[in-house]
Amino acid sequence: VQLVESGGGLVQAGGSLRLSCAAAGRAFSSYAMGWFRQAPGKEREFVAAISWSGGSTIYADSVKGRFTISRDNAKNTVYLQMNSLKSEDTAVYYCARSRYGDLGRPNMASRYGYWGQGTQVTVSS
């Protein structure tokens, strides 16, 4: 399974970006997907996750109401729409494929078996 993120870049505070994560490999639609991020000098943190069907989503408190995760199983792609960006959103963003179809405890990195290489998001204030 290969995950490739795209859509990162430099944006001003208050702006928007949409990240995409394209998955190559089998059974994308059977697994939950998640987004994590890691800022310089900080640990990787959970951002959002979506169940295999897209019917359930969950967000970190820090992004709730600003970010939206979605997926298109026909395209083997998961998205992260990021609005009202803040300087503290600056980080490398990673998508990950869960080992499971449901969300469970999606903030646990150990639930994810595959990770992308990451895409840089920089928000200027």
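Draft legend 1. Spotlight on the state of the cysteines. The full count for this structure, using the stated rule, is 1 disulfide. The partner cysteine of Cys 21 in its disulfide is Cys 95, sulfur to sulfur 1.9 Å. Disulfide Cys 21-Cys 95: torsion about the S-S bond near 45°, hence right-handed. Residue Cys 21 is found in strand 3 (residues 17–24), and its partner Cys 95 is found in strand 9 (residues 91–98); the two are separated by 74 residues along the sequence.

Draft legend 2. Molecular detail of the environment of Ser 20. Relative to the helices and strands, Ser 20 is located in strand 3. Relative accessible area serves as the criterion here: at 16%, Ser 20 is assigned to the buried category. Separated by 58 residues in the primary sequence, Ser 20 and Val 78 have C-alpha atoms spaced 5.9 Å apart. With sequence-adjacent residues up to four places away left out, Ser 20 is seen in contact with Val 4, Glu 5, Ser 6, Trp 35, Thr 77, Val 78 and Tyr 79.

Draft legend 3. Just the packing of aromatic side chains, in detail. Across all of its chains, the model carries 4 aromatic pairs by this definition. With a centroid separation of 5.6 Å and an interplanar angle of 75°, the aromatic rings of Phe 36 and Phe 46 are classed as edge-to-face. Of this pair, Phe 36 sits in strand 4 (residues 33–38) while Phe 46 sits in strand 5 (residues 45–50); the two residues are 10 residues apart in sequence, bridging distant segments of the chain. Residue classification places Phe 36 among the buried positions, given a relative accessible area of 2%. One aromatic cluster in this structure is built from Phe 36, Phe 46, Tyr 112 and Trp 115. In this structure, Arg 44 is placed above the aromatic ring of Trp 115, and the distance from its NZ or CZ to the ring centre is 4.8 Å. The cationic tip of Arg 97 hangs over the ring face of Tyr 31; the distance from NZ or CZ to the ring centre is 3.6 Å.

Draft legend 4. Broad picture of the nonpolar core. If you look at the biggest cluster of nonpolar residues, it comprises 34 residues, and the most contacted ones within it are Trp 35, Leu 80, Met 82 and Tyr 93. Among the secondary structure elements, those contributing two or more residues to this core are strand 3, strand 4, strand 5, strand 7 (67–72), strand 8 (77–82), strand 9 and strand 11 (119–124). Per element, the largest residue contribution to this core is 5 residues, and it comes from strand 5. With residues near it in sequence (within four places) discarded, Leu 80 still touches Leu 17, Arg 18, Leu 19, Trp 35, Val 47, Ala 48, Phe 67, Thr 68, Ile 69 and Tyr 93.

Draft legend 5. Region of the structure containing the sheet that holds strand 8. Here we have 4 strands laid out as an open sheet, ordered 1-3-8-7, and antiparallel in their pairing. The sheet is open, and its two borders are formed by strand 1 (2–6) and strand 7, each paired with just one other strand. Looking at each pair of strands side by side, their axes are set apart by 15° on average, direction ignored. Where strand 1 and strand 3 come together, 5 bridges link them in antiparallel fashion. By the bridge assignment, Ser 6 is partnered in strand 3 with Ser 20.

Draft legend 6. Structural view of unusual backbone geometry. Within the chain, Asn 76 stands out as a residue other than glycine whose phi angle is a positive 55°. Overall, Asn 76 belongs to the partly exposed group, its relative accessible area being 22%. One non-glycine residue, Ser 84, lies in positive phi territory at about 50°. Tracing the backbone shows Ser 84 in the loop between strand 8 and strand 9. Its relative accessible area of 42% is what places Ser 84 among the partly exposed residues.

Criteria and thresholds
Starting afresh in each chain, residues are numbered from 1 along the sequence in its written order. A pLDDT threshold of at least 70 governs which residues receive local features in this predicted model, and a stricter bar of 80 or more applies before side-chain atom pairs are shown or counted, although totals over entire chains, interfaces and linings include all residues. The basis for every side-chain value is the complete set of heavy atoms in the structure, and neither hydrogens nor water enter the calculation. Cysteine sulfurs are considered disulfide-paired once they come within 2.5 Å of each other. Here a helix means four or more residues in a row that DSSP labels H or I, a strand means two or more in a row labelled E, and each is numbered from the N terminus. The buried label goes to any residue with under 20% of its type's maximum accessible area, the exposed label to any with over 50%, and the partly exposed label to all in between, with areas taken from a 1.4 Å probe on protein chains only. In this description, contact between two residues means that some pair of their heavy atoms is separated by no more than 4.5 Å. Any Phe, Tyr or Trp ring, taking Trp's six-membered ring, that has another such ring centre within 6.5 Å forms a pair; planes under 30 degrees apart are called stacked, those over 60 apart edge-to-face, and the others tilted. Two conditions define a charge sitting above a ring: the NZ of Lys or the CZ of Arg must be within 6 Å of the ring centre, and it must be within 35 degrees of the ring normal. Grouping buried Ala, Val, Leu, Ile, Met, Phe, Trp, Tyr and Cys residues that are joined through side-chain atoms within 4.5 Å yields what is termed a nonpolar core. For two strands to count as paired, DSSP must find a minimum of two bridges between them. Between N-to-C directions, angles cover 0 to 180 degrees, with each direction set by a line fitted to C-alpha atoms, over the stretch in contact for helices.

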